[in-house]
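Notes for the structure review
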Amino acid sequence: MLPDRVGRAITASAGPIVFLTGAGISAESGIPTFRGPEGFWRVGSRNYQPTEMATAVAFARMPAEVWRWYLFRRGVCRSAAPNAAHRALVRFEKRAGDRFLLVTQNVDGLHLRAGNSAARTYQIHGNADFCRCMRGCLPVVRELPVKLSESWEKERSLDDAELATLRCACGEWLRPHVLWFDESYDEPVYRYVSAQRAAETAAALIVVGTSGATSLPTRMCETVAARGAPLIVVDPEPTVFSAVAEASARGVYLRGTATEIVPELTEALGALALGRGV
Ligand code: NAD
């Protein structure tokens, strides 16, 4: 499955095997990607794209609508189950231990629900099961109020009691614990520095199901390609990352879906990086 030039480099390195996942790894669990036809959200007579809804500007203007959108999306995530690709990453972590690292853009929490450890999973865009006070009160990251139902009909609005649970004790709004499109990464909440550092030492970076529209993943791929380290891209459609992989000395593009490729790929990586029978 992996060319010799890639396999040899993986065997020779003692660095971490870093997986970078995007919405595509959860597509076969039934969670739509942002690029799919279900991407928009209707408020009144207007359709909004996710890039407009998932913003601090939208939250400042229409917090109840933004919450409604997140609660609907969270309901979709809660009703989905991890798929064979998520499970393969759990098996790989069990085998690789500290040589495994997972950087995910997904806010669906499926990697953790599948069984990957929180310590080795950097949720660089947050997790929709959690929220934070807009003013930054402690604890910074909190579970969503239990009174909010896990399933949410698309047309359902929040009532006054539900809106009241989305206020911090200080009176300020709680906001979804997700990185919005008009915000920047940071280390304390989103592990920005740690993720970039992982790319600087990775024995291999495996990118699964991401279109390449966000900046930290782009930087990580560029870093790995510039080092001449193995860059493996899994996606059914060519992306900017598959182009970088194909142009790189130790890059490879594996065209297919996450569940088709990741289970076999993790077996191959385990044999190369960790030795058979480990
Ligand atoms: P994206 O929608 O921009 O791209 C998804 C990629 O996955 C595409 O390249 C597509 O070809 C690929 N893909 C589709 N089906 C696949 C499959 N079965 N197997 C493998 N790949 C498949 O999503 P993105 O690049 O992750 O980034 C956009 C933003 O969307 C991120 O901030 C992310 O947090 C957010 N998002 C998250 C979820 C989630 O948590 N599940 C869902 C939608 C969007």
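Up top you'll find the structure we're talking about.
A brief look at the structure comes next. Since this is a predicted model, take the numbers as computed values, not measurements.

Here the focus is the site of the ligand. Surveying the vicinity of the ligand reveals 26 residues, the closest of which are Gln-105, His-125, Thr-210, Ser-211 and Asp-235. Residue Val-107 places a main-chain N or O atom 2.8 Å away from an oxygen atom belonging to the ligand. In this structure, Thr-210 approaches the ligand through a side-chain N or O atom, which is 2.6 Å from an oxygen atom. At a threshold of 2 Å from the grid points, most atoms of the ligand map onto the largest pocket. No other element matches helix H2 (residues 23–27), which puts 4 residues into the shell around the ligand. Here the residues of the shell around the ligand sort into 8 nonpolar, 12 polar and 6 charged.

For the rest of this paragraph, the subject is the pairing of strand E11 (residues 251–255). Summarising burial for E11: 4 of the 5 residues are buried, a large majority. When strand E10 (residues 231–235) meets E11, the two strands line up parallel, connected through 5 bridges. From the neighbouring strand, Leu-231 faces E11, where its bridge partner is Gly-251.

What follows covers empty space enclosed by the protein. The tally for this structure, following the rule as stated, stands at 1 cavity of 30 Å³ or more. The space that makes up the largest cavity amounts to roughly 30 Å³. Surrounding the largest cavity, Thr-104, Asn-106, Asp-108, Gly-109, Leu-110, His-111, Leu-112, Thr-121 and Gln-123 form its lining. For the lining of the largest cavity, the secondary-structure elements that each account for two or more residues are helix H7 (110–114) and strand E5 (121–123). A per-element tally of the lining of the largest cavity places H7 first, with 3 residues. Here the residues of the lining of the largest cavity sort into 2 nonpolar, 6 polar and 1 charged.

Now for the side chain of Gln-105. Position of Gln-105 relative to the elements: it lies in the loop between strand E4 (100–104) and H7. Of the polar contacts made by the side chain of Gln-105, one reaches the side chain of Thr-210; its length is 2.5 Å.

Moving on: unusual backbone geometry. Residues Leu-138 and Pro-139 are joined by a peptide bond in cis, for which omega reads -10 degrees. Considering the arrangement of structural elements, one finds Pro-139 in the loop between strand E6 (126–133) and strand E7 (142–143). The backbone of Arg-191 sits at a positive phi, close to 60 degrees, despite the residue not being glycine. Mapped onto the elements of the fold, Arg-191 is located in the loop between helix H9 (187–190) and helix H10 (192–201).

Procedures and definitions
Residues numbered from 1 in each chain as written. Predicted model: local features only at pLDDT ≥ 70, side-chain atom pairs only at ≥ 80, totals over all residues. Heavy atoms only, no water. Near = heavy atom within 4 Å. Polar contact = N/O pair within 3.5 Å; in protein donor to acceptor, adjacent residues only side chain to side chain. 1 Å grid on protein atoms, 1.4 Å probe; cavity = no way out; pocket = protein on both sides within 12 Å on 5 of 7 lines; lining within 4 Å. Sits in = over half its atoms within 2 Å of the grid points. Helix = DSSP H or I, 4+ residues; strand = E, 2+ residues; numbered from the N terminus. Nonpolar A, V, L, I, M, F, W, Y, C, P; charged D, E, K, R; others polar. Buried < 20%, exposed > 50% of the residue type's maximum accessible area, 1.4 Å probe, protein only. Pairing = 2+ DSSP bridges. Points joined across faces, edges and corners; volume = space filled by probe spheres on them.

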